[in-house]
There are 2 protein chains.
Amino acid sequence: MKFCRKPVPSRSRYAVEHPQLCYRQFGHEDRCAEFPYLASLSAVAPKVASKIKRDSIMTTGAAWASDDAGPNRILRWVMLMSDETLERVHGIPMAALSPIIQAKLREKAATYEDCMSVARRLTWSAYGMLNAPAPDERTRAYLESEFGAISQGATVCLVCRGQLDFDDFARARRGKAVLETAHAEPRAHNADNVGFCHRPCNIAQGDKSLNEFYDWIESILAKVRGRR
Amino acid sequence: MKFCRKPVPSRSRYAVEHPQLCYRQFGHEDRCAEFPYLASLSAVAPKVASKIKRDSIMTTGAAWASDDAGPNRILRWVMLMSDETLERVHGIPMAALSPIIQAKLREKAATYEDCMSVARRLTWSAYGMLNAPAPDERTRAYLESEFGAISQGATVCLVCRGQLDFDDFARARRGKAVLETAHAEPRAHNADNVGFCHRPCNIAQGDKSLNEFYDWIESILAKVRGRR
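The structure presented is a predicted model; accordingly, all values stated were derived computationally and were not measured. In this numbering scheme, every chain counts its residues from 1 along its sequence in written order. A letter from A marks each chain and a number from 1 marks each ligand, given out in the order of writing. Local features in a predicted model are, by the rule used here, given only for residues with pLDDT of at least 70; side-chain atom pairs are given and counted only at 80 or more, and totals for whole chains, interfaces and linings are based on all residues. To obtain the side-chain values, all non-hydrogen atoms of the structure were included, while hydrogens and water were left out.

## A word on the pairing of strand S3 (residues 179–183) of chain A
Residues and elements named next belong to chain A.
Point 1. Of all five residues in S3, five are buried, a share of seventy percent or more.
Point 2. Alternating residues of S3 divide into Leu179, Thr181 and His183 and Glu180 and Ala182, and every residue in both groups is buried.
Point 3. Any two strands are treated as partners once DSSP identifies two or more bridges connecting them. Helix and strand labels come from DSSP, where a helix needs a run of H or I of at least four residues and a strand needs a run of E of at least two; each type is numbered from the N terminus. Pairing of S3 with strand S4 (residues 194–198) involves five bridges; the strand directions are antiparallel. Looking at S4, one finds that threonine 181 is bridged to phenylalanine 196. The cut-offs for exposure are 20% and 50% of the maximum accessible area for each residue type, with area from a 1.4 Å probe on protein chains only; residues under the lower value are buried, those over the upper are exposed, and the others partly exposed.

## A closer look at the relation of the copies chain B and chain A
Point 1. Overlay of chain B on chain A (RMSD 0.0 Å): rotation 180°, translation along the axis 0.0 Å. What the superposition gives is, in effect, a two-fold axis relating one chain to the other. The position closest to the rotation axis in chain B is occupied by the C-alpha of Ala204(B), lying 1.9 Å away.
Point 2. When checking whether two residues touch, look at their non-hydrogen atoms; a contact exists if any pair is within 4.5 Å. Taken as a fraction of all interface residues of chain B, those also at the interface in chain A reach 100%, which identifies the copy contact as same-surface. Copies are brought into register by a least-squares superposition over C-alpha atoms of residues with pLDDT of at least 70 in both.

## Comments concerning the pattern of salt bridges
Residues and elements named next belong to chain A.
Point 1. Salt bridges are identified by distance alone: a Lys or Arg side-chain nitrogen within 4 Å of an Asp or Glu carboxyl oxygen. Tallied over the entire structure, the rule returns 30 salt bridges over all chains.
Point 2. Its salt-bridge partner being glutamate 180, residue arginine 199 comes within 2.7 Å of it at the nearest N-O pair. Residue arginine 199 is found in helix H7 (residues 199–205), and its partner glutamate 180 is found in strand S3; the two are separated by 19 residues along the sequence.
Point 3. Three or more residues are tied together by salt bridges with common partners; here these are Arg24, Asp30 and Arg138.

## Brief notes about helix H3 (residues 83–90) of chain B
Residues and elements named next belong to chain B.
Point 1. The complete set of buried residues in H3 reads Thr85, Leu86 and His90. Angularly, the buried residues of H3 cover 100° about the axis, an arc narrow enough to put them on a single face.
Point 2. In the segment just after H3, glycine 91 is the residue with positive phi, at about 70°. By construction, the arc corresponds to the directions joining the helix axis to the C-beta atoms.

## Considering the environment of Phe147(A)
Residues and elements named next belong to chain A.
Point 1. Tracing the sequence through the fold places phenylalanine 147 in helix H6 (residues 137–147).
Point 2. Overall, phenylalanine 147 belongs to the buried group, its relative accessible area being 17%.
Point 3. Between the alpha carbons of phenylalanine 147 and tryptophan 124 there is a distance of 7.3 Å; along the sequence they are 23 residues apart.
Point 4. What phenylalanine 147 contacts, discounting residues up to four positions off in sequence, is Ser117, Arg120, Arg121, Trp124 and Ala191.

## Details of the interface of chain B and chain A
Point 1. Chain B puts 33 residues into the contact, and the matching count from chain A is 33 residues.
Point 2. Note on definitions: buried area is the accessible-area loss of two parts on being combined, 1.4 Å probe, summed for both. Between chain B and chain A, a total of about 2800 Å² is buried, with carbon and sulfur atoms accounting for 59% of that surface.
Point 3. Between chain B and chain A we count six salt bridges in total.
Point 4. N or O atoms within 3.5 Å of each other form a polar contact, as long as, within protein, one can give a hydrogen and the other can take it, and as long as residues adjacent in sequence are counted only when both atoms are side-chain atoms. Linking chain B to chain A there are six residue pairs in polar contact (both at pLDDT 80 or more).
Point 5. Contributions of two or more residues to the side of chain B that touches chain A are made by helix H4 (99–106), helix H7 (199–205) and helix H8 (210–225) of chain B.
Point 6. Under the grouping applied here, Gly and all other residues not named as nonpolar or charged are polar, the nonpolar ones being Ala, Val, Leu, Ile, Met, Phe, Trp, Tyr, Cys and Pro and the charged ones Asp, Glu, Lys and Arg. Residues belonging to the side of chain B that touches chain A are distributed by class as follows: 16 nonpolar, three polar and 14 charged.

## Focus: the environment of Leu143(A)
Point 1. Along the polypeptide, Leu143(A) turns up in helix H6.
Point 2. Separated by 37 residues in the primary sequence, Leu143(A) and Arg106(A) place their C-alpha atoms 30 Å from one another.

## Regarding the confidence of the model for chain A
All names here are of chain A.
Point 1. Along the chain, pLDDT gives the predictor's confidence residue by residue, from 0 to 100. Mean pLDDT over chain A works out to 91, with 94% of the residues at or above the 70 mark.
Point 2. Residue range residues 62–66 is modelled with pLDDT below 50. Its contacts to residues more than four positions away, or to other chains, number nine contacts.
Point 3. The ipTM for the predicted assembly is 0.85, set against a pTM of 0.88.

## Examining unusual backbone geometry
Point 1. Notably, Arg161(A) is not glycine yet its phi reads approximately 65°, a positive angle.
Point 2. Look at Arg161(A) and you get partly exposed, because its relative accessible area is 37%.
Point 3. Of note, Asn131(B) is a non-glycine position whose phi angle comes to about 70°, a positive value.
Point 4. When you line up the elements, Asn131(B) lands in the loop between helix H5 (112–127) and helix H6 (137–147).

Spelled out as C-alpha cells, the structure:
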C-alpha cells in the first residue's frame, strides 16, 4: 500500500526534527491520521490500542528509579539523535547517564518508519488472536493488504508458539501484564521482527535472539535429559 | 554432624523469638559461632561469604520502590510470624501491604534451620567451583561430612548444568551479578533445593520448578523444531 505521508499535527517536542506522517492510503479524501488502522480497535479495546501504539514508538522503561536513570520512556527515533543534539536541543544529558542506562536507551533506537510498521504489524497480530474483536472492513482491507488474511486464532506467541488469547490483554499476574511485545532479534524493531508473547516467554528469552534462545534451551535439555 | 546449638549473641531485633545458634561441631572448645564454615572463605573472598549468608537468611528484594512495598529484605524466618505479631511486636504492617507484596514476602519464608542448611550447602557448592579457593582443613572436613567430597570444577549451574566459575562472583553484566542463588522448587528454601546458577538461567526459570521449566522448554522445542 502506498501511504499518504503528509505531515500530521503533532504536540511532540521532537516533531521539528522528525515530523509525524499520515498513514492513510495515498489519495484518501478524509482527514489525515497517523494511526488510522487503530481507530476501530480503540473503539472496543482502547487499552490494547494504546499498548500497541506505546510499544511501537516508545522505548520501554527498565526499573529506572535511580538518579542517573535518564528518561524512562522516550520516542524510539529520538534515540537516533546524537548525544550533542539531545543535550543541546532537548536538554537530555546523555553523557551524564551511566553507560548501562545509555546502552539501554540507545539499543531501543529505531527509525520512525520502522516504528510505524511495528504498530501496523502488532495491530494485525492482535486481530488474529483468539477472542479478538473483528476490525471494520476498511481496517481489515488496510491491514490484510500488507500482512495477509486476518484469521482469528492464528496468532501465536512469538517465543513458544502457543495460541494467544485477546482477553489476556486485560489480565494481569501479580500486577504485571500477561501479554507483552517481543522481538525475534532483541535489537531490531521492525514489522518482520516483532510479535506478541507471554510475559514468561519474553523474560526467558531475555537478550538472546530467538534462535539463540532455542539453541540454548536445546543445549540445556541435552544436558539434563540426555537427548539431542 | 551434631552441632553445638548454644545460642550466640545477636544484634537482631528478632532474636528474642528466634535465637541464633552455634553451628560448630558439638563439643567444640573454642568460641561459639553461627557460621564457622564461612570464616575461611571470608578471609579470601569476603563478598562471596557475605552473599552466601545474605542469600541464605534474607528474603530477596524485588524492585520495591513503591509506598506499599514493605520491608525489602528481612530474615526469612521472621516471615513465618503471624501478621499480628509482625505488626504488634515489630511494627511491620503486613495487612496494609498490597496482596502481591504480601505474597512475595511470605513465599520467601523459611525456618532458621533450613536457612542455616542452605548457607552450609552454598558454601560447599562455592568451594566446588572452577577457580575456587581451597578451604582450610577444618572447614573442608566440616562441609564434606555433610555433603561429600569437595571437588574443584564439579559445581554446575542448578538450571543449565554448565560448569560454574568462582571468578564469576566478582563479575557483573550491566550492573547485575553474573551468579545467583537458585531453587529447584521456587518456594522451598533448604539445602536439598538450592544451588548457584547463571543469572539468565535463574531468570528463565522464573517461578517454575526446575522440572516444570524443563517440560516447558521441551514443549517449546517440540513446536518450534518439531522434535520430541
